[in-house]
Each structure stands twice: as C-alpha cells, then as structure tokens.
Amino acid sequence: MMLEIKGLRKSYGELEVLKGVDLSVEKGDVIAVLGPSGSGKTTMLRCINFLEEADGGSMLFDGSTYEFGHVSRREQAAFRKRTGFVFQNYNLFLNKTALQNVTEGLIIARKMPRELAEQKGRAALDKVGLSDRYDHYPSQLSGGQQQRVAIARALATDPEIIFFDEPTSALDPELTGEVLAVMRELAEEGMTMLVVTHEMGFARNVSNKVIFMEHGAVVESGSSADIFEAPKEERTREFLRIIEEEKA
Amino acid sequence: MTESRIAEIIIDSFWDILIPGLTVTIPLTAISFAIAMVIAIAVALVQFAGIRGLRQLARFYIWVVRGTPLLVQLFIVFYGLPNAGIRLDPLPAAIIVFSINEGAYCAETIRAALESVPSGQMEAGQCVGMSYMQIIRRIVLPQAMRTAFPTLANSLIAMVKDTSLAANITVTEMFMVTRRIVARTYEPLILYIEVGLIYLLFCTVLTKLQSLGEKRLNARGMARR
C-alpha cells in the first residue's frame, strides 16, 4: 500500500464535511473520486495535501505515518515534495513563464542546479505538448494550455502520486479533451493518480478504481468496471443515472 | 518694471533654482523614497504574515504617521528633538521624516496589494514544496509590487512636491532658494510660477517613466490584474 487514509474527519464549525473517510491507493492506481457537489471530495484532497487542516484521522504514506492535525510544517513540506497537486483553476505562478513555473519548485525548493532543472522542465513541457510555449506567461496561454503547464509542473518533480482537483472543471468543453489526453497518457505510463472529477469518460475508461462519495463519506468503492456495470449501492446507481440523463 | 528686467530675472534665477533642484530636491526624494520602500515592504509583510506583536506595532506606526501633519513631523524632529539631546542637520532630519512618513503610506499600498494576490498562488507554492518565505519572496511579493506599482509611482510624484516643506527646516532645496531670490528681487509672481513649472517638469519626467515602466512590465506578461 502506497497511501492509506483512515478516519479522515474535517468540520467547518457546525458543518461536518468529512465524516471519517477511509481510502487506500496502491502504486500505479488511477482512482477517480466521484460524487455530487458538496460531497467533500475536494476537501478530502486538500486535507491529504495539508492545504486544509483536517481534524482527525491518519495517513500512511510510503512507510511514514501522519496524524492529521499534528503534522509539522517541515513534515508537510517533505510530503509535498514527493507528491504533485493540480488545481481546478491551474494556479500557475502569474509572474513566471511556463518553464519557470515548472522549474521553480526544482530550483528553489529542491536546490536543483538551474541547468538540470531547465532540462527537466523542458522535458515535462514537451511531454504535455507545449514545446513551443516555454517562455509564455500564463496570461498568454489558453486555459487548456495553462492546465497542461500545471500538470508539467507537478510531473517535473518526479512525484510518487499526483492529486488532481477537478482538473477540467474550469475549462471549455473543447479544451477539456487536450487535458484529459495528457492525463490518460500519464495513467498509461503507470503514474499513480488520485483524481476528483466529473468526467465520467475518464472514470470509466482511464481510471482502474472509482470511489463514490456523498455527504462527506465514501458510499461505495471498487474497480471502475464494477462501479459502472454493477453498482451495489442505490445512491451510486441514482448518481450514475442522473449523470447519464444529463448527458443525453 | 521693464520686460527685459523680467526676462533677465527669469533666466538668471532658472539655474539658481534648478541646481538645488538637481542637487537637493531629487537626491532628497530618491534617498527618502528608497528608505521608505524598505520600511513599507517590511511593515506590509509583518501585517500580511500576521506576526503577533510586530503587527500591532505596524498598525500603531501607520496610525500615528498618517494621523499627523508632515510639517508637524518635520518640526518635531528638527526643532523639537534637540531639546531631548538629539541634534540633526537639516538634510538628515528631512530624509528621516520623509522616509518614515512615506513608508507608512506605501506600507498600506503594498499591504493591500499583497492581500489582492489570489490565495491559490500561495497554495501552488506550498504544493511544489516551497517554504512560506520562499513563496512570499518569489511569487507573492513580486505580484503585489506589480499591482502596487502605479500607486507607488503616484506616491513618489507626490513626494517630489512635498520636499518643498523641507524649506521650513532650513534645507536649501528649490523652494527655499526661490524664496531667497524673491526676497532680493520682489518678483513673487513670476518666481513662484517659475519654481512651480520646474516641479511640474520633474513630475512630468516621472510620469513618463511610470508609463514606460508599466509598458515594460506588461511586455513581460505581467499585466495588472
């Protein structure tokens, strides 16, 4: 087991957003996290990467245990250096070019020599199909290109797992495809990915596992085939039916 | 009063006024503004980062400086402090007061600009493993300074004119020199207009530099949000 979450809890005041979520990720897994808005999927992802401070629960990552709510800044930074995070609205550094966005974490956080960092940075941008956009600033790129730079930024650090928080939700439909294509390629190469998404095509065809969440809890989880072909829980069936109807 | 005499006064006084402008007004402005920027960035960051104790101190500093007249501050430091055993020459006294005064205003400009940087910038920095200080220094502060740039340029232009107040604490800057020439020639109208035009000239140059600076920043993809 590469990453294991147990009993993850988070409340905002009276509102309990995560009610003890369990989750396990094996190396090479591509897990799609589905669920209606407000089900706590994004909060879960943000708690795992310490962007939000969870109230309780524990995480096992690569032999180290983290007790949520008791993780020092140093431990958080160490965890983040070994993971990647892709945001819904890209969050590229606005004062940096595409290449600088990718190399910043390498040169500044990891003290990698500039030359080597730029070599890795260019390779990562080439991989996401942006070899002609190294020196463009985010304001000069389309949403799809910005999100691909963000994926390259996560990729360049050789992460053990990449977390995706609704990576295509801010994109126009015609730009969604180019981002999904990159993610599919990563999945095929064996990258471990935990993806909060509304893209049913990705969940069905690319991910090997699916987790269905509602009201801050995991309703059902299993292989993509099982969840889509033979969902056990009534709520899962209903959710999938509504999605199908919306598409029709 | 003959026209040739007026022309002579204008021409003779022009260099007499311009030279202290170049040797006193501009250095006084430049040095004070540079120190003010250091103060302003420090005071803004202390508040932005919410460092306890220092934050209250920063608010107190801004409250006092913004709530008292610049002229009064000049008088306290130059005429008042000697009673407390601190005797300063006119120019250093002026630099100290202008730096502290301008620092308070610019600190507010920069604090507002820091707060306008989207929180996602900080989060993205954290996610690539950067420390808080690294993110501030390399991501958040540069963006904030870009946002603050026009307002800071405005403050600088205002400061050029405010340095005329230093005449009141015997700094021989442009306005002081003009007053002396007026006392000698009894031509207040043309001479005060003349010195006003020289201030206008300085500020025009700065305005041009501001728009040039903004163009260069925009060309580097840093359009103001």
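Residues numbered from 1 in each chain as written. Chains lettered and ligands numbered in written order. Predicted model: local features only at pLDDT ≥ 70, side-chain atom pairs only at ≥ 80, totals over all residues. Heavy atoms only, no water.

A. Quick look at the packing of aromatic side chains. Residues and elements named next belong to chain A. Going through the model one piece at a time under the given rule, you end up with 14 aromatic pairs over all chains. One aromatic cluster is present, formed by F50, F61, Y66, F68, F79, F85, F87 and F163 through successive ring pairs. Sitting over the face of the ring of F93, R153 holds its NZ or CZ atom 4.7 Å from the ring centroid. (Phe/Tyr/Trp six-rings, centres within 6.5 Å; stacked < 30°, edge-to-face > 60°. Lys NZ or Arg CZ within 6 Å of the ring centre and 35° of its normal.)

B. Structural detail: the side chain of S164 of chain B. Structurally, S164 of chain B can be placed in the loop between α6 (132–162) and α7 (174–185). Once residues lying within four places of it in the same chain are set aside, the contact partners of S164 of chain B are E173, F175 and Y199 of chain B. (Helix = DSSP H or I, 4+ residues; strand = E, 2+ residues; numbered from the N terminus. Contact = heavy atoms within 4.5 Å.)

C. Region of the structure containing the side chain of R46 of chain A. Within the secondary structure layout, R46 of chain A lies in helix α1 (residues 41–48). A distance of 2.5 Å separates the side chain of R46 of chain A from the side chain of E123 of chain B, its partner in a polar contact. With residues near it in sequence (within four places) discarded, R46 of chain A still touches L51, E52, F85 and F87 of chain A together with E123 of chain B. (Polar contact = N/O pair within 3.5 Å; in protein donor to acceptor, adjacent residues only side chain to side chain.)

D. Spotlight on the sheet that holds strand β7 (residues 161–165) of chain A. Residue and element names in this part refer to chain A. Taken in spatial order, the 6 strands of this open sheet run β6-β7-β8-β3-β9-β10, and their pairing is mixed. Among the strands making up the open sheet, the edge pair consists of β6 (83–86) and β10 (217–223). For this sheet the average axis-to-axis angle between neighbouring strands, irrespective of direction, equals 15°. Sitting on the sheet, helix α9 (residues 234–247) touches β3 (30–34), β9 (209–214) and β10, and the angle it makes with β9 is about 100°. (Pairing = 2+ DSSP bridges. Axes fitted to C-alpha atoms, helices over the stretch in contact; angles between N-to-C directions.)

E. Expanded view of the packing of helix α4 (residues 90–116) of chain B against α6 of chain B. Residues and elements named next belong to chain B. Where α4 meets α6, the closest approach of the two axes is 8 Å, and the angle between their N-to-C directions is 150°. With respect to their mutual orientation, α4 and α6 come out roughly antiparallel. Relative to α6, α4 is oriented so that their crossing is right-handed. Contacts between α4 and α6 involve F98, E102, C106, T109, I110, A113, L114 and S116 on the former and, on the latter, V140, L141, A144, M145, T147, A148, T151, L152, S155, L156, M159 and D162. Here the contact of α4 with α6 is built from residues that sort into 13 nonpolar, 5 polar and 2 charged. (Parallel < 35°, antiparallel > 145°, perpendicular 65-115°, else oblique. Left-handed = near helix turned anticlockwise from the far one by under 90°. Nonpolar A, V, L, I, M, F, W, Y, C, P; charged D, E, K, R; others polar.)

F. Main features of the sheet that holds strand β4 (residues 56–61) of chain A. Residue and element names in this part refer to chain A. In space, the 4 strands of this open sheet follow the order β2-β1-β4-β5, with antiparallel pairing throughout. What marks the edges here is a single partner per strand, and that holds for β2 (15–25) and β5 (64–67). Geometrically, the sheet is characterised by an average inter-axis angle of 15° between neighbouring strands, direction not taken into account. Bridge analysis of β4 against β5 gives 4 bridges, and the strand direction is antiparallel. The residue bridging S58 from the neighbouring strand is E67, located in β5.

The values reported here are purely geometric and, on their own, carry no functional implication.
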